[in-house]
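Each chain is listed here by its residues.
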Amino acid sequence: MSTVSWPKLLEKVLSAEELNSLEAKTLMNAWLKEELLPVQTGAFLTALRAKPVSGLELSTMAEVLRDACEYSLNLSESFLVDTCGTGGDGADTFNISTAVAFVSAACGVTIAKHGNRSASGKVGSADVLEELGINLNAPLELVANAIEKTNITFLFAPVWHSSLVNLAPLRKSLGIRTIFNLLGPLVNPFRPKAQVLGVAKQELLDPMVVAMKNLGLKRAVVVHGGGGLDEASLEGSNDFRFLENGHINSKVINIKELGLKPVSNDELKGGSLITNKEILQTVLQGEGTQAQKDVVALNTSLVLWASGVEIDISKGVKIALESMESGRPWEKFNELKGFLE
């Protein structure tokens, strides 16, 4: 049992002070070991939500969760990339980052996409992939081997992070987004060297990119999309943080600079599970609306940059559009589906 004074630590959080690494690590370990009463956990989660989060807090807690993962994979020779975002923008778009994963794989990037079911009304990546026939509960070794066989895999978060199962009912009963929604994209069990991560709030750009730097990522992009999207958006300008070999650069890019036509985020709406399934399939087959294909190409270009496949984002957009036109992303999807059966 921990000897920390939980009331004192809670007072610190309520005062909007940053937790140091030892405090953040102790708190996360206490959650995993069920050392806190549910009412204490609820108080901490609510208090943490009410204060600004820091990159140190996020990276420290993420390290604890990654160390507690059920499976360890040594793929040091593979430059893995994740496309998992935080969600929470309320835009109800189709599954953009899921489409991006398969288009990126079709462009030669090695993808280890981490994802979950929706925690809100939005259709999550796991929901839509399951509807399309992906086996979410495939043996862990098979999921890992898919990387070498198909250069893409999908890691269903609850299978890999069973240590968090005990917290699920309480988080659900709270009915609010918590720090775990921010930690989700940072705890990919395969520890990718690169990532593209969308955030719904501008104030999360810096903490998230600092967290990824602390976690040892070599290249990463954090984006807050125009119109409040947690993806790169076609609605005007996007705010970026680029991480490259320990250096962080901030940049605002208007999509007109990339040769794309401005489009309202309303044009990217999804809908029911069946609707999202149909949109994902048509986009991967090179069909769908131009706006749907353009937003996937835009976000894929960021993955191409993060992976080092194409550092010119404008060229990356064209490469992604050509890949969708060829139908190769849908072939890549079927390769993974068949392998995981």
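The rules behind these values
- Residues numbered from 1 in each chain as written.
- Predicted model: local features only at pLDDT ≥ 70, side-chain atom pairs only at ≥ 80, totals over all residues.
- Heavy atoms only, no water.
- Buried < 20%, exposed > 50% of the residue type's maximum accessible area, 1.4 Å probe, protein only.
- Helix = DSSP H or I, 4+ residues; strand = E, 2+ residues; numbered from the N terminus.
- Axes fitted to C-alpha atoms, helices over the stretch in contact; angles between N-to-C directions.
- Parallel < 35°, antiparallel > 145°, perpendicular 65-115°, else oblique.
- Contact = heavy atoms within 4.5 Å.
- Expected span 1.5 Å × (residues − 1).
- Arc of directions from axis to C-beta.

## Overview of unusual backbone geometry
Argument step 1. If you check the backbone angles, E34 has positive phi at about 55 degrees while not being a glycine.
Argument step 2. Residue classification places E34 among the exposed positions, given a relative accessible area of 57%.
Argument step 3. The backbone of D92 sits at a positive phi, close to 55 degrees, despite the residue not being glycine.
Argument step 4. Mapping D92 onto the fold places it in the loop between β1 (81-82) and α5 (96-106).

## Considering the packing of α5 against helix α15 (residues 328-340)
Argument step 1. At a minimum axis distance of 8 Å, the contact between α5 and α15 shows a crossing angle of 100 degrees. Relative to α15, the element α5 is oriented roughly perpendicular. Two secondary-structure elements touch here, α5 through F102, V103, A105 and A106 and α15 through R328, P329, K332, F333 and L336.

## Some thoughts on the environment of V109
Argument step 1. With respect to the helices, strands and loops of the structure, V109 is situated in the loop between α5 and β2 (111-115).
Argument step 2. Once the C-alpha coordinates of V109 and L304 are considered, the two residues, 195 residues apart in sequence, prove to be 7.1 Å apart.
Argument step 3. Those residues in contact with V109, other than ones at most four positions away along the chain, are V81, S104, N151, V303, L304, S307 and V309.

## Some words on α15
Argument step 1. Taking 1.5 Å as the rise per residue, α15 with 13 residues should run 18 Å; its terminal C-alpha atoms sit 19 Å apart, in good agreement.
Argument step 2. Residues of α15 that are buried: P329, W330, K332, F333, L336 and L340. When α15 is viewed along its axis, its buried side chains cluster within an angular range of 155 degrees and face the same direction.
Argument step 3. Against the buried residues of α15 lie α5, α6 (125-131), α7 (140-150), β3 (152-156), α12 (273-284) and α14 (313-326).

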